[in-house]
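The lines below spell out each chain.
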Amino acid sequence: MSETPLLDQIPDGPWPSFVKEIKKTAELQDKAVAEGKDIKMPGSARALLKQIEISYKDKKTHWKHGGIVSVVGYGGGVIGRYSDLEDIVPEVHHFHTIRVNMPSGWFYSTKALRQLMDVWEKWGSGITNFHGSTGDIILLGTKSEYLQPCFEDMMKLDPPFDIGGSGSDLRTPSACMGPALCEFACYDTLQICHDITMEFQNELHRPMWPYKFKFKFSGCPNDCVAAKARADCAVIGTWKGEIQIDQDAVKEYAEWMDIEEEVVKLCPTGAISYDAEKKEIKIDNSNCVRCMHCINKMPKALKPGKERGATVLIGAKAPFVEGAIIGWVAVPFIPADELFDTLCEIAEKIWEWWDDIGKFRERVGELIWRRGIGEFLNVIGQEADVRMIKHPRTNPFMFFKEEELVESEVVKKLKERGMKWRSFEYEGEEI
């Protein structure tokens with residue numbers, strides 16, 4: 001009879017199953033032992049299944065946090081995990097997770113991956129997660145006494161692998177694939193992610209702050225690493241000036257696409273117009289909000305402007321102490337060639353301020369919320385800018401009389417398309 005009857009039901013469902021994958025790992029461990037390989041945690045995959053089965057029966061976890069564990073000289077990078085079922089499943093009494101710093105853009109050679117997996121097969125459970133939500137390679141399950149030799153073997157590889165961030169430190173910076181694969185990239189995400197990682201090694205490996213801090217780099221406003229929703233410092237590629245238009249390519253799209261319906265009417269600010277007779281597009285760039293919809297739909301015809309750089313958003317986080325926060329603009333535009341130096345300068349000012357007055361487990365976004373955007377802007381040396389508002393286009397610092405608003409070209413276009421705009425009241429006066 002199976003030792004895991006509850007878990008055995010899971011692979012029968014419609015989704016990929018972690019149970020199936022752990023069982024495959026258990027079979028590989030058995031094979032390695034039979035072949036006489038030097039592996040330090042034989043039977044750990046089967047023991048893990050046994051512990052999970054007991055947790056399902058008891059309807060509670062049997063993992064406990066046993067304090068901080070790491071490697072010599074580092075304070076982070078390892079998440080300590082212990083089982084309270086030592087007598088029943090001794091193989092996973094220690095089951096620590098190692099976070100491994102991934103290369104920029106998650107580019108690997110098969111050689112590098114095989115070398116890393118050989119190290120992990122020897123010193124750990126062989127179970128991995130590619131990748132954690134921060135971006136790291138996640139090595140799931142090893143003993144305290146194996147952390148140091150595992151780390152030392154990782155550092156001897158070609159190329160070597162380092163440990164990533166965990167705890168109240170700089171978490172492993174991550175970036176989209178940027179100019180390596182994407183024509184929309186407005187700066188070199190791969191290079192700056194690597195440079196920031198190397199520049200702040202002390203902050204990455206030694207927890208010293210109220211809580212964690214994340215850099216994420218997206219090459220364009222499509223934000224393929226979801227930086228603006230998850231990063232304390234999100235660097236989003238953007239451009240100045242006009243979107244580049246190839247009218248000949250527009251004519252090609254017009255042969256098979258309804259440009260009016262699929263592009264023009266879906267522009268959130270009504271900034272695009274289309275001459276169906278000439279088959280030409282015009283863009284009111286002063287009202288473009290860089291949503292990328294038109295460029296995504298017509299990449300042969302439309303490209304980001306020539307003057308490229310990035311916008312820096314600060315303060316995004318998932319809910320923990322307070323609710324979820326989307327990052328808001330701290331620096332509207334930094335030219336691509338000034339990005340690294342400016343980011344380093346801003347980050348160090350933020351960290352010093354946060355370290356002085358931040359509360360335990362308070363993220364930077366929560367600190368700004370508590371102390372105010374004015375104080376934050378003084379800290380980083382930025383002037384207030386209308387683009388820093390929390391709610392675009394409902395900004396309490398800008399007032400319009402209704403007759404002025406109705407006359408605006410944007411509202412005219414919206415009304416022509418049957419779209420509605422909303423008025424609101426301020427101190428009893430309708431705006």
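A. Region of interest: the side chain of Thr 97. Among the structural elements, Thr 97 can be located in strand E4 (residues 97-100). A distance of 2.8 Å separates polar atoms of two side chains, one belonging to Thr 97 and the other to Arg 81. Sequence-distant contacts of Thr 97, defined by excluding residues within four places in its chain, comprise Gly 77, Val 78, Ile 79, Arg 81, Ile 138, Leu 139, Leu 140 and Gly 141.

B. Representation of the nonpolar core in the model. Judged by nonpolar contacts, the single largest core of 47 residues is most densely connected at Phe 213, Phe 215, Phe 217 and Trp 351. Contributions of two or more residues to this core are made by helix H5 (189-199), strand E8 (215-218), strand E9 (233-240), strand E14 (307-314), strand E15 (328-335), helix H11 (339-357), helix H12 (364-371) and helix H13 (373-380). Residue contributions to this core peak at nine residues, all from H11. Contacts of Trp 351, omitting those with residues within four sequence positions, involve Leu 170, Phe 200, Glu 203, Trp 209, Phe 213 and Phe 215. Core analysis: the second largest hydrophobic core is formed by 39 residues, Ala 47, Leu 48, Val 78 and Tyr 146 among them.

C. Molecular detail of the pairing of E14. A large share of E14 lies buried, amounting to six of its eight residues. The sheet contact formed by E9 and E14 spans eight bridges and is antiparallel. Opposite Cys 233, over in E14, you have Ile 314 as the bridge partner. Two strands pair when backbone bridges link them, and E14 and E15 are joined in this way by five bridges, in the antiparallel orientation. Paired with Ala 310 across the bridge in E15 is Ile 334.

D. A look at the packing of helix H1 (residues 18-34) against helix H2 (residues 44-58). Relative orientation of the contacting elements H1 and H2 amounts to 145°, with a least axis distance of 7 Å. The segment H1 lies against H2, with Phe 18, Val 19, Ile 22, Lys 23, Thr 25, Ala 26, Glu 27, Gln 29 and Asp 30 engaging Ser 44, Ala 45, Arg 46, Leu 48, Leu 49, Ile 52 and Tyr 56. In terms of residue class, the contact of H1 with H2 is made up of nine nonpolar, three polar and four charged.

E. Quick look at the pairing of E8. Neither face of E8 is open: one carries Phe 215 and Phe 217, the other Lys 216 and Ser 218, and all of them are buried. As paired strands, strand E7 (residues 174-175) and E8 are joined by two bridges and run parallel to one another. Residue pairing in the sheet places Ser 174 in a bridge with Lys 216 of E8. Across four bridges, the pairing between E8 and E9 is parallel. Looking at the pairing, Lys 216 lines up with Ala 234 of E9.

F. Fine view of unusual backbone geometry. The linkage connecting Phe 130 with the following residue, His 131, adopts the cis geometry, with an omega of 5°. With respect to the helices and strands, His 131 occurs in the loop between strand E5 (127-130) and strand E6 (137-140). The backbone of Lys 59 shows a phi angle near 60°, a positive value even though the residue is not glycine. The residue Lys 59 is located in the loop between H2 and strand E1 (63-64) in this model. Phi at Trp 106 takes a positive value of approximately 60°, unusual for a residue other than glycine. Locating Trp 106 in the fold gives a position in the loop between E4 and helix H3 (110-123).

G. Layout of the layout of surface pockets. Within this model, the second largest pocket holds a volume of roughly 530 Å³. Taken together, the residues of the lining of the second largest pocket break down into 11 nonpolar, nine polar and seven charged.

H. Quick look at the packing of aromatic side chains. Scanning the entire structure with this criterion turns up 16 aromatic pairs. Residues Tyr 253 and Trp 256 carry aromatic rings whose centres are separated by 5.7 Å and whose planes lie at 45° to one another, so their mutual orientation is tilted. Here Trp 353 and Phe 376 contribute two aromatic rings whose centre-to-centre distance is 5.9 Å and whose plane-to-plane angle is 45°, an arrangement assigned as tilted. Pair noted here: Trp 353 is in helix H11 and Phe 376 is in helix H13, with a separation of 23 residues, a long-range link. Judged by relative accessible area, Phe 376 falls into the buried class, the value being 1%. Through a chain of ring-to-ring contacts, three or more aromatic side chains come together here, namely Phe 200, Trp 209, Phe 213, Phe 215, Phe 217, Trp 351 and Trp 354.

I. Fine view of the side chain of Asp 223. Tracing the chain through its elements places Asp 223 in the loop between E8 and helix H7 (227-230). Using a relative accessible area of 8% as the deciding quantity, one classes Asp 223 as buried. Setting aside residues up to four positions removed in sequence, Asp 223 forms contacts with Ser 218, Lys 228 and Ile 236.

J. Quick peek at the sheet that holds E9. The strand order E7-E8-E9-E14-E15 describes an open sheet built from five strands, whose pairing is mixed. Bordering the open sheet on either side are E7 and E15, each of which pairs with just one other strand. Taken strand by strand, H5 contacts E7 and E8, and its axis lies near 165° from that of E8.

Cut-offs applied
- Each chain has its residues counted from 1, following the order in which its sequence is written.
- At least 70 in pLDDT is required for a residue's local features to be given in this predicted model, at least 80 for side-chain atom pairs to be given and counted, and no such filter applies to totals for whole chains, interfaces and linings, which use all residues.
- Values reported for side chains reflect all heavy atoms of the structure, with hydrogen atoms and water molecules removed beforehand.
- Segments assigned H or I by DSSP are reported as helices when at least four residues long, segments assigned E as strands when at least two residues long, and all are numbered from the N terminus.
- Whenever two N or O atoms come within 3.5 Å, that pair is a polar contact, provided that in protein one can donate a hydrogen and the other can accept it, and provided that, for residues adjacent in sequence, both atoms are side-chain atoms.
- Should any heavy atoms of two residues lie within 4.5 Å, those residues are counted as being in contact.
- Only buried Ala, Val, Leu, Ile, Met, Phe, Trp, Tyr and Cys residues count toward a nonpolar core, and they belong to the same one when joined by side-chain atoms within 4.5 Å.
- Using a 1.4 Å probe on the protein chains alone, a residue whose accessible area is under 20% of its type maximum counts as buried, one over 50% counts as exposed, and one in between counts as partly exposed.
- A pair of strands is labelled paired if DSSP reports no fewer than 2 bridges between them.
- Only the stretch in contact is used when a helix axis is fitted, and all axes are lines through C-alpha atoms; the angle between N-to-C directions ranges over 0 to 180 degrees.
- For this classification, Asp, Glu, Lys and Arg are treated as charged, while Ala, Val, Leu, Ile, Met, Phe, Trp, Tyr, Cys and Pro are nonpolar and the rest, including Gly, are polar.
- Every definition here rests on a 1 Å grid over the protein atoms only: cavities are sets of points where a 1.4 Å probe fits but cannot get out, pockets are open sets enclosed by protein on both sides within 12 Å along at least five of seven lines, and lining residues have some atom within 4 Å of a point.
- Grid points are joined across faces, edges and corners, and a volume is the space filled by probe spheres set on the points.
- Pairing of aromatic rings covers Phe, Tyr and Trp, the last through its six-membered ring, and needs centres within 6.5 Å; plane angles under 30 degrees mean stacked, over 60 mean edge-to-face, and all others mean tilted.

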